[in-house]
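Residue-level structure breakdown
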Amino acid sequence: VRDYLRSTAVESAAITFEDDRGLRAHIRTVSMSSGGSAAFTRFSSSDSAIVDMGVTVNEPVPGLDLVCILSNATGAVLLEEHMSDGPSQTISAPGRYTVRCTIPPVLPPGDYIVGILLGTHYELIDARENVVTFSVDGDDLGRPRRMFKLGLQWRAERTDDSLDPP
């Protein structure tokens, strides 16, 4: 599965697609970075991974939404985040847009695959599955099976310090 998914993804930090005026809207570009101007495919486990997507809207599309899908190397979908899940933003009027999705530094070391969907609640307009790959470098802390490293807050509180002797 890992080899197949990697073979269908582009080994590049940035990709540009041809304009498709036959579609009401289409995905024009996808690139990966950590916030700087350079696009790249290797991140530290302490870096945010940023997906920048260029979208062209050729005619009005009410309710147009963009979806970023993140899978691991075995094909398990880790995230499927919709632009509409966040604060109210719209890309439905004709024009060119750049949309940025920031994945916080929660991914353990490994290989990841990004897919992008463009459409409405009722219609898929453009799909770029397995469009780019990236890797996260770092120490898995001896936990190779976990999908996220959240750094959850733990708190231990002693509730009784009087223990009866055995």
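To start, this report covers the structure provided alongside it. Owing to the predicted nature of the structure, the values given are computational and were not obtained by experimental measurement.

Attention now goes to empty space enclosed by the protein. Scanning the entire structure with this criterion turns up 1 cavity of 30 Å³ or more. When its volume is computed, the largest cavity comes out at roughly 40 Å³. Around the largest cavity, the lining residues are Ser44, Ser45, Asp47, Ala49, Ile103, Pro104, Pro105, Val106, Leu107, Phe134 and Val136. Taken together, the residues that form the lining of the largest cavity break down as 8 nonpolar, 2 polar and 1 charged.

With the rule as written, the count across this model stands at 6 salt bridges. With a shortest N-O distance of 2.4 Å, Glu157 and Arg155 are connected by a salt bridge.

A volume near 280 Å³ is recorded for the largest pocket. His82, Met83, Val99, Arg100 and Cys101 are the residues nearest the centre of the largest pocket, which is lined by 17 residues in total. Top contributing element to the lining of the largest pocket by residue count: strand β7 (residues 95-103), with 5 residues. Of the residues belonging to the lining of the largest pocket, the class tally is 10 nonpolar, 4 polar and 3 charged. Lining the second largest pocket are 16 residues, and of these Pro108, Pro109, Tyr112, Pro144 and Arg146 sit closest to its centre.

Let us now look at the nonpolar core. Residues Val30, Val51, Val114, Ile116 and Phe134 are the most contacted members of the largest nonpolar core, which totals 33 residues. Elements represented by at least two residues in this core include exactly β2 (25-33), β4 (49-57), β5 (65-72), β7, β8 (110-119) and β9 (124-137). Beyond its immediate stretch of four places on either side in the chain, Val30 contacts Ala13, Ala14, Ile15, Phe17, Val51, Asp52, Ile116, Val131 and Val132.

As enumerated under the stated definition, the model contains 2 aromatic pairs in all. Ring centres of Phe43 and Phe134 lie 5.3 Å apart, and the angle between their planes is 80 degrees; this geometry places the pair in the edge-to-face category. With a gap of 91 residues between them, Phe43 in strand β3 (residues 42-44) and Phe134 in strand β9 connect regions that are remote in the sequence. Judged by relative accessible area, which is 1%, Phe134 ranks as buried. Through a chain of ring-to-ring contacts, three or more aromatic side chains come together here, namely Phe43, Tyr112 and Phe134.

Turning to the environment of Thr56, a few remarks are in order. Positionally, Thr56 belongs in strand β4. Since its relative accessible area comes to 7%, Thr56 is described here as buried. Between the C-alpha atoms of Thr56 and Thr98, which are 42 residues apart in sequence, the distance is 8.9 Å. Within the local environment of Thr56, its side chain forms a polar contact with the side chain of Arg28, the two groups lying 3.2 Å apart.

Our focus in this paragraph is the sheet that holds β4. Across the sheet, 4 strands lie side by side as β1-β2-β4-β7; this open sheet has antiparallel pairing. Edge strands, defined here as strands with exactly one partner in the open sheet, are β1 (14-16) and β7. Sheet twist, expressed as the mean angle between neighbouring strand axes with direction ignored, is 20 degrees. As paired strands, β4 and β7 are joined by 9 bridges and run antiparallel to one another. The residue of β7 that forms the bridge with Val51 is Cys101.

Here the focus is the sheet that holds β9. The strand order across the open sheet formed by 5 strands is β3-β9-β8-β5-β6, and the pairing between neighbours is mixed. What marks the edges here is a single partner per strand, and that holds for β3 and β6 (77-82). Going across the sheet, the axis of each strand differs from the next one's by a mean of 25 degrees, ignoring polarity. Alignment of β8 against β9, held across 9 bridges, turns out to be antiparallel. The residue bridging Gly119 from the neighbouring strand is Leu124, located in β9.

Conventions and cut-offs
- Residues numbered from 1 in each chain as written.
- Predicted model: local features only at pLDDT ≥ 70, side-chain atom pairs only at ≥ 80, totals over all residues.
- Heavy atoms only, no water.
- 1 Å grid on protein atoms, 1.4 Å probe; cavity = no way out; pocket = protein on both sides within 12 Å on 5 of 7 lines; lining within 4 Å.
- Points joined across faces, edges and corners; volume = space filled by probe spheres on them.
- Nonpolar A, V, L, I, M, F, W, Y, C, P; charged D, E, K, R; others polar.
- Salt bridge = Lys/Arg side-chain N within 4 Å of Asp/Glu carboxyl O.
- Helix = DSSP H or I, 4+ residues; strand = E, 2+ residues; numbered from the N terminus.
- Core = buried A, V, L, I, M, F, W, Y, C linked by side-chain atoms within 4.5 Å.
- Buried < 20%, exposed > 50% of the residue type's maximum accessible area, 1.4 Å probe, protein only.
- Contact = heavy atoms within 4.5 Å.
- Phe/Tyr/Trp six-rings, centres within 6.5 Å; stacked < 30°, edge-to-face > 60°.
- Polar contact = N/O pair within 3.5 Å; in protein donor to acceptor, adjacent residues only side chain to side chain.
- Pairing = 2+ DSSP bridges.
- Axes fitted to C-alpha atoms, helices over the stretch in contact; angles between N-to-C directions.

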